[in-house]
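# Structural features, examined
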Amino acid sequence: MQPTQLNSAKDLMTDNGPILVAVSGGSDSVALLHWMVEQFPDANLHCVTVDHGLRAESATEASLVAKMANTLGVPHQTLNWHPTAPASSADARQARYRLLHRYATQLNAACIVLGHNLDDQAETLFMRAFRSKPDSDTRGLSGIAEWATYRGLPLWRPLLAQTRQQLRDGLLQRNVCWVDDPSNQDVNYERVRVRRLLAAPNVPTLPSRQKVALLAALSGRSRCWMGEQVATVIRLHVHRTQDATLCFAPGPGLPNTILLEVLACLILVAGGQSHRVPTIKLSKIATAAKFGSHMQTTLGRCLISTRQGAFFMQRENRNLAEMPKRIQTDTIFDGRWLLKPASGENPMHKTPYIEAFETFRPWYDDAVHAAVMDLLDSPCCST
């Protein structure tokens, strides 16, 4: 465990700030709640269940969690989601985190604790490996991070080293029941298909969950090292011009792998998209700059040009909405700004906010995020 910006889990739990424990009623999250109560008896724990309303039984399951939390002496709250159109599992996941974050913010919670385990880690890595292409990088192989940040709020997953069966065995020993979600048996979901593959007895050549978790840890360290290199390059070789263009003039001898990572990062910053541009699309731009050629193209909602070995990136005007003059609630604009209501002569407060770095940022990307925020907060240069 290597949380950034936090001293330790113990300090966090004993600081008397609210700690939000997300519990659906399944074995993983029920085991998490009991583990948290046992490990941190003095912590200010709050239990929360998100009722997506997608199954008739969901309200009853939320009530069962409430009774369990009450027995353990933990306050409980059910958050209801009301989709206005047919929703996918991805829609439900996004809604779940939005609701958790909103409630945590209301409580002024210090952290949200989640029940992901070793099986989730293995399934995630296998799914990403199955989707990988010849030009894919290894970022996805870092898997699920124990510590991450969602819109500025820490997320902690303390059970990543334990298998689902170990968690269930612990609950059975305590005579604690849980709810089995029928969607966990629906093979229409990719994760269910991968779960069955990993459990199949006739596939002996697959690596163990522990070995897959080791791969995730090693990939996470590699991603952390790369992030530190990218952050250093941004601090030394990137500045903003008066017209908000990002200018990147790499020093001599910069390895191509790091160069491409910096470009992908800066395109996210200038373009405001939620996903990275594939590295293979950046190779032609990098080659043009390397040989001093002039090139201009659009990529990731950015206008990108190269001249005299430097890169220049700015948000393209196409599909750029007009910034509102007044707002009633916090609003993310164009994936690049956080708008907050204000009073008096300034009806709105605007701060840099790169959504791609604010949503589910694992701790190994923190160095890049800090360098980007310093860049955006720094004075603009004249050239």
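For the structure itself, look to the data block above.
Our subject in this report is the structure included herewith. Every chain is numbered independently, its residues counted from 1 as its sequence is written. Where totals are concerned, whole chains, interfaces and linings use all residues; where local detail is concerned, this predicted model gives features only for residues with pLDDT of at least 70, and gives and counts side-chain atom pairs only at 80 or more. Side-chain descriptors were evaluated using all non-hydrogen atoms of the structure, hydrogens and water having been removed beforehand.

### Details of the overall build of the chain
The following threshold applies: Numbered from the N terminus, helices here are DSSP runs of H or I no shorter than four residues, and strands are runs of E no shorter than two. Put simply, the radius of gyration uses C-alpha atoms, and a globule should come to 2.2 Å times the residue count raised to 0.38. Note on classification: 1.4 Å probe, protein chains only; a residue is buried when its accessible area is under 20% of the maximum for its type, exposed when over 50%, partly exposed between these limits. In this description, contact between two residues means that some pair of their heavy atoms is separated by no more than 4.5 Å.
Within the chain, the regular secondary structure consists of twelve helices and 15 strands. Relative to its length of 383 residues, the chain is compact, with a C-alpha radius of gyration of 23 Å against a globular reference of 21 Å. Across its three principal directions, the C-alpha atoms of the chain cover 70 × 65 × 40 Å. Among the 383 residues that make up the chain, the fraction classed as buried is 44%. Counting only contacts in the chain whose residues sit at least 6 apart along the sequence, the fraction spanning at least 24 positions is 63%.

### Remarks on the sheet that holds strand 2 (residues 44–51)
Strand pairing within a sheet occurs via backbone hydrogen bonds; the two strands may be parallel or antiparallel. This is how it is decided: The criterion for strand pairing is that DSSP finds at least two bridges linking the strands in question.
The seven strands lie next to each other as 3-2-1-4-6-5-15, forming an open sheet whose pairing is mixed. Only two strands of the sheet have a single partner each, and these edge strands are strand 3 (76–80) and strand 15 (361–362). Taken together, the two bridges between strand 4 (residues 111–113) and strand 6 (residues 153–156) define a ladder with parallel strand orientation. Within the sheet, the bridge partner assigned to Ile112 lies in strand 6 and is Leu155.

### Here's the deal with helix 9 (residues 256–271)
The following threshold applies: The length a helix should cover is 1.5 Å for every residue beyond the first.
Here helix 9 spans 22 Å end to end across 16 residues, near enough to the 22 Å set by a 1.5 Å rise per residue. Most of helix 9 is tucked away, with 14 of its 16 residues classed as buried.

### Things to note about the pattern of salt bridges
Where we set the bar: Any carboxyl oxygen of Asp or Glu within 4 Å of a side-chain nitrogen of Lys or Arg constitutes a salt bridge here.
Going through the model one piece at a time under the given rule, you end up with 19 salt bridges. For the salt bridge of Glu38 with Arg174, the shortest nitrogen-to-oxygen distance reads 2.8 Å. Note that Glu38 is positioned in helix 2 (residues 27–39) and Arg174 in the loop between helix 6 (164–173) and helix 7 (190–199), a separation of 136 residues in sequence. Accessibility expressed as a relative area gives 43% for Glu38, which makes it partly exposed. Salt-bridge contacts for Arg164 lead to Glu123; the nearest nitrogen and oxygen are separated by 3.8 Å. Here the residue Arg164 occupies a position in helix 6, and Glu123 occupies one in helix 5 (residues 118–131), the gap between them amounting to 41 residues.

### Concerning the packing of helix 2 against helix 6
Rules: Axis definition: a line fitted to C-alpha atoms, limited for helices to the stretch in contact. Angles are taken between N-to-C directions and run from 0 to 180 degrees. Oblique is the label for any angle not under 35 degrees, not over 145, and not in the 65 to 115 range, which are roughly parallel, roughly antiparallel and roughly perpendicular in turn. In this scheme, a crossing is called left-handed if the near helix is turned counterclockwise away from the far one by less than a right angle; it is called right-handed if the turn is clockwise. All amino acids are sorted into three groups, where Ala, Val, Leu, Ile, Met, Phe, Trp, Tyr, Cys and Pro are nonpolar, Asp, Glu, Lys and Arg are charged, and the leftover types, Gly among them, are polar.
The contact between helix 2 and helix 6 brings their axes to 9 Å, and the two run at 60°. Considered as vectors, helix 2 and helix 6 are oriented oblique to each other. Pair helix 2 / helix 6 crosses with left-handed handedness. Contacts between helix 2 and helix 6 pair Ser27, Asp28, Val30, Ala31 and His34 from the former with Arg164, Leu167, Arg168 and Leu171 from the latter. Class assignment for the residues of the contact of helix 2 with helix 6 results in four nonpolar, two polar and three charged.

### Considerations on the pairing of strand 11 (residues 310–315)
Across a regular strand the side chains alternate sides, sitting on one face of the sheet and then on the other. Counting buried positions over the six residues of strand 11 gives five, a clear majority of the element. Looking at chain direction, strand 8 (residues 246–248) and strand 11 are connected through three bridges and run antiparallel. Paired with Leu246 across the two strands is Met313, which belongs to strand 11. Taken together, the six bridges between strand 10 (residues 302–307) and strand 11 define a ladder with antiparallel strand orientation. For Thr306, the partnering residue across the bridge sits in strand 11 and is Phe311. The antiparallel hairpin formed by strand 10 and strand 11 contains two residues in its connecting segment, where Gln308 sits at a positive phi of about 50°.

### Re the packing of aromatic side chains
We count it as follows: Side-chain rings of Phe, Tyr and Trp, where Trp is taken by its six-membered ring, are said to pair if the distance between their centres is within 6.5 Å; with planes under 30 degrees apart they count as stacked, over 60 as edge-to-face, and otherwise as tilted. Charge over a ring is defined by NZ of Lys or CZ of Arg lying within 6 Å of the ring centre and within 35 degrees of the ring normal.
As enumerated under the stated definition, the model contains nine aromatic pairs in all. Ring geometry for Phe40 and Trp156: centres 6.1 Å apart, planes at 65°, overall edge-to-face. Residue Phe40 is located in the loop between helix 2 and strand 2, and its partner Trp156 is located in strand 6; the two are separated by 116 residues in the primary sequence. Phe40 gets classed as buried once you look at its relative accessible area, which sits at 12%. With centroids separated by 5.4 Å and ring planes inclined at 15°, the aromatic side chains of Trp147 and Trp156 adopt a geometry described as stacked. The class for Trp156 is buried, based on a relative accessible area of 4%. Among the aromatic side chains, those forming a connected cluster through ring pairs are Trp35, Phe40, Trp147 and Trp156. In this structure, Arg307 is placed above the aromatic ring of Phe312, and the distance from its NZ or CZ to the ring centre is 3.8 Å.

### Section: the pairing of strand 6
The alternating pattern of strand 6 places Leu153 and Leu155 and Pro154 and Trp156 on opposite faces, both of which are buried. When strand 5 (residues 147–150) meets strand 6, the two strands line up antiparallel, connected through four bridges. Counterpart to Thr149 in the pairing with strand 6 is Pro154. Here strand 5 folds back onto strand 6, and the loop between the two strands holds two residues, one of which, Arg151, carries a positive phi near 50°.

### So, helix 7
Counted only if it meets this: To be clear, the arc concerns the directions from the helix axis to the C-beta atoms.
For helix 7, every residue scored as buried is listed here: Val192, Val194, Arg195 and Leu198. Projected onto a plane normal to the axis of helix 7, the buried residues spread over an arc of 165° and lie on a single side. Where the residues of helix 7 are buried, they touch helix 5, helix 6 and helix 8 (209–237).

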